[in-house]
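# Notes for the structure review
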Amino acid sequence: MTTPPTPVDVQKRYNLPSDVRFCIRCTMSNQRPRISFGEDGVCSACQFSDHKKKVIDWDVRDKELRELLDKHRKHDGSYDVVVPVSGGKDGSFVAHQLKYHYGMHPLTVTWSPLLYTDIGRANLHNFIQSGFDNILGTANGKVSRLMTRLAFEHIGDPFQPFIYGQANFPLRMAVQHKIPLIMYGENGEVEYGGDMKNAFRPTRDIEDHDRHYFSGLPPEFWKEYGVTDADLEAYLPPNGDDVRANKTEIHFMGYYKHWDPQENFYYCTRNTGFAPNPERTEGTYSKYASLDDRIDGFHYWLGYLKFGIGRTTSDTAHEIRDGKITREEGVALVRKFDGEFPKRYFKDFLEYCDITEEQFWAFSNRWRSPHLWEQRDGEWVLKFAVS
Ligand SMILES: [Zn+2]
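We now turn to the structure provided with this report. (Residues numbered from 1 in each chain as written. Predicted model: local features only at pLDDT ≥ 70, side-chain atom pairs only at ≥ 80, totals over all residues. Heavy atoms only, no water.)

### What to know about the nonpolar core
Nonpolar side chains in soluble globular proteins tend to end up buried together. In this structure, C43, M147, W222, F349 and F360 are the most contacted members of the largest nonpolar core, which totals 70 residues. Per-element tally for this core: the top contributor is helix α7 (residues 160-176), with eight residues. Ignoring sequence-local partners within four residues, the contact set of C43 consists of C23, C26, I35, S36, F37 and R321. Judged by nonpolar contacts, the second largest core, of 31 residues, contains Y102, Y116, M183 and Y256. (Core = buried A, V, L, I, M, F, W, Y, C linked by side-chain atoms within 4.5 Å. Buried < 20%, exposed > 50% of the residue type's maximum accessible area, 1.4 Å probe, protein only. Helix = DSSP H or I, 4+ residues; strand = E, 2+ residues; numbered from the N terminus. Contact = heavy atoms within 4.5 Å.)

### Considerations on the coordination of the zinc ion
Taken together, C23 (SG), C26 (SG), C43 (SG) and C46 (SG) make up the protein donors of the zinc ion, found 2.3 Å from the metal. Mapped onto the sequence, the donors of the zinc ion take the spacing C-x2-C-x16-C-x2-C. A residue pair is termed long-range when its members are at least 10 positions apart, and C23 in the loop between α1 (10-13) and α2 (44-54) and C46 in helix α2 qualify at 23 residues. (Donors = N, O, S within 2.8 Å, 3.2 Å for Na, K, Ca; no water.)

### Topic: helix α18 (residues 357-365)
Looking at α18, one finds that the buried residues are F360, F363 and S364. An end-on view of α18 places all buried positions within 100 degrees of arc, on one side of the element. Those residues of α18 that are buried lie in contact with α6 (141-155), α14 (296-307) and α17 (346-353). (Arc of directions from axis to C-beta.)

### Quick look at the packing of aromatic side chains
Throughout the structure, instances matching the rule amount to 34 aromatic pairs. Both rings, one in F341 and one in F346, keep their centres 5.0 Å apart while their planes meet at 85 degrees; by these two values the pair is edge-to-face. With a relative accessible area of 18%, F341 lands in the buried category. Classification of F346 as buried rests on a relative accessible area of 11%. Between the aromatic rings of F341 and F360, the centroid separation amounts to 5.9 Å while the plane-to-plane angle is 75 degrees, which identifies the pairing as edge-to-face. Pair noted here: F341 is in the loop between α16 (327-337) and α17 and F360 is in helix α18, with a separation of 19 residues, a long-range link. Take F341 and F360: they sit in the same class, and that class is buried. Every member of this aromatic cluster is reached through a ring pair, and the members are F152, F298, W301, F341, F346, F349, F360 and W361. (Phe/Tyr/Trp six-rings, centres within 6.5 Å; stacked < 30°, edge-to-face > 60°.)

### Quick look at the packing of helix α15 (residues 311-321) against α16
In contact at an axis separation of 9 Å, α15 and α16 are set at 170 degrees when each is read in the N-to-C sense. Overall, the two elements α15 and α16 adopt an arrangement that is roughly antiparallel. Only R327, G330, L333, V334 and F337 of α16 make contact with α15, whose side of the interface consists of T312, T313, T316 and I320. Residues that form the contact of α15 with α16 fall into these classes: four nonpolar, four polar and one charged. (Axes fitted to C-alpha atoms, helices over the stretch in contact; angles between N-to-C directions. Parallel < 35°, antiparallel > 145°, perpendicular 65-115°, else oblique. Nonpolar A, V, L, I, M, F, W, Y, C, P; charged D, E, K, R; others polar.)

### Let's talk about unusual backbone geometry
One non-glycine residue, K178, lies in positive phi territory at about 55 degrees. Looking at K178, the relative accessible area reads 62%, which means it is exposed. Of note, the phi angle at K247 is positive, near 55 degrees, even though the residue is not glycine.

### Some details on the pattern of salt bridges
In the structure shown here, the tally under the stated rule is 18 salt bridges. Taking the shortest distance from any N to any O, the salt bridge between K71 and E249 comes out at 3.2 Å. Taken together, the residues K71 in helix α3 (residues 58-72) and E249 in strand β5 (residues 249-252) connect sequence positions 178 residues apart. The salt bridge partner of D241 is R244, with a shortest N-O separation of 3.3 Å. Residue D241 and its partner R244 are both found in helix α11 (residues 240-245); the two are separated by three residues, about one turn of the helix. Residue D241 is classed as exposed on the basis of its relative accessible area of 52%. Since its relative accessible area comes to 58%, R244 is described here as exposed. Taken together, the salt bridges that share partners define one network made up of D62, R66 and K257. (Salt bridge = Lys/Arg side-chain N within 4 Å of Asp/Glu carboxyl O.)

Structure below.
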């Protein structure tokens, strides 16, 4: 640790409204960065969910998908689409559909978690066994640890180095293998609340990478803290000219097919050997999302400190929209599990980042914004709750 922890103006940094409001339809609050609310109190993700149910003709979208795939399909045995996968339910669903339903030849690519869980490794293995070629990208372990610690210390998100690789590695592989089409799962900004710019089109601008995924801090930012060019190589996007020369297109399957994470889970247990977590994931009630990395619980937990939005809020919000649970059930689940500390991997986290428990708390608590948090009898409590 190089700098003493000073409080951060979280509200200003993320442009958060002072008055906390909750969507009247789901459990999401207006503290999610880039989300918007209508006059009627309905959040942009719920508005989009209505649009999906009532307006979109999925037969027309399927036709659009077939046209896109026909344009890219190869007949000489070479790969014709890059699919980023973790072995989890979403990427596996996309890859399996493209290969077995639409007759494509995907190259699946995986950016390695920082600290694999056993279940994460097993799921990727099972996915590959279900009939896919895969390239696993793994960054230098020493550099990963350093970057994770720096990101935890300076931006309150230890997961940032993983996010660089997750966004940039598929692009690098597409350029390197001369495959123009990359197919992602859902557009998180649109499905879960955020920038709606891409809600009504299937593609994503490469330029949005930085804004949406990197909190405005590209990998080069860390050079200031002693990370070298050589260290950063694995995290960088390919050269822009090469991306354009490859005619690279990034598409979202969620634009073409009705996106339902729980249905993807059922699909992958049947088709790609996907197994849920034997234990409930800390901070939420679900067993099938984000299981691969021992570090990512801290990413969600720090998000809870910054925005008052934990994993249960996010999980219940989309399950309410998908008609899996009622709002009332969602509220009860939030009250029970939201913000639960990820203690199962706490020791691993401290060791990985090479910090003490004391340093951990000092650097975490600086992200508790006074408009969301207060101390009562020496305990941190949120000033508001969904009801
Ligand atoms: Zn909502």
